[in-house]
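In case you want the letters, here they are:
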Amino acid sequence: MRRRILGFTAALVLAVLGAAVPVVSAAVPAVTGPDCIADKMGKVEYDSSTGLWTCIGGAHDGEPITKN
């Protein structure tokens with residue numbers, strides 16, 4: 001009986017997390033590399049402390065690059 005409850009709880013938690021991921025990713029602004037450098041002021045740099053590509057300068061200063 002305990003295994004069934006544990007299995008059901010684990011399935012429920014995974015279902016909730018699976019539904020939440022698209023919502024969270026949609027909330028993150030989608031800045032692309034070309035968008036970053038479009039105004040000729042921004043540049044794309046790799047931040048080794050976070051492991052992310054980031055737009056430095058320009059209209060999208062400090063925003064992570066989320067798409068190619």
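Computed from a predicted structure; not experimentally measured.

Comments concerning the overall build of the protein
Secondary structure assignment for the protein yields 2 helices and 4 strands. Of the regular secondary structure in the protein, the N- to C-terminal order runs α-β-α-β-β-β. Residue burial in the protein is summarised as follows: out of 68 residues, 12% are buried. Put simply, 33% of the contacts in the protein that link residues at least 6 apart link residues at least 24 apart.

Things to note about the state of the cysteines
Counted under the stated rule, the structure contains 1 disulfide. The disulfide bridge from C36 ends at C55, spanning 2.0 Å between sulfur atoms. The S-S bond linking C36 to C55 shows a torsion near 90°; that makes this disulfide right-handed. Residue C36 is located in helix α2 (residues 33-37), and its partner C55 is located in strand β3 (residues 52-56); the two are separated by 19 residues in the primary sequence. For the pair C36 and C55, one class covers both residues: buried.

Looking at the confidence of the model for the protein
Overall, the prediction assigns the protein a mean pLDDT of 79, with 78% of residues at 70 or greater. Per-element mean pLDDT across the protein ranges from 70 in helix α1 (residues 2-27) up to 90 in strand β2 (residues 43-47).

Thoughts on the pairing of β3
For β2 and β3, the ladder comprises 5 bridges, and the chain directions are antiparallel. Along β3, the bridge assignment pairs K43 with I56. In this antiparallel pair of consecutive strands, β2 and β3, the connection spans 4 residues, and G51 shows a positive phi of 80°.

About the cut-offs
- Position numbers for residues start from 1 in each chain and track the written sequence from start to end.
- Since the coordinates come from a predicted model, pLDDT governs what is reported: local features require at least 70, and pairs of side-chain atoms require 80 or more to be given and counted, while whole-chain, interface and lining totals use all residues.
- Note: side-chain values were computed over all heavy atoms of the structure, leaving out hydrogens and water.
- A run of DSSP states H or I qualifies as a helix once it reaches four residues; a run of E qualifies as a strand once it reaches two. Both are numbered from the N-terminal end.
- Here's how the labels work: a residue is buried when its accessible area is under 20% of the maximum for its type, exposed when over 50%, partly exposed in between, all with a 1.4 Å probe on protein chains only.
- Any two residues whose heavy atoms approach within 4.5 Å are treated as being in contact.
- Counting rule for disulfides: a pair of cysteine sulfur atoms within 2.5 Å.
- Summary of the metric used: pLDDT quantifies the predictor's per-residue confidence within the range 0 to 100.
- Two strands pair if DSSP finds at least two bridges between them.

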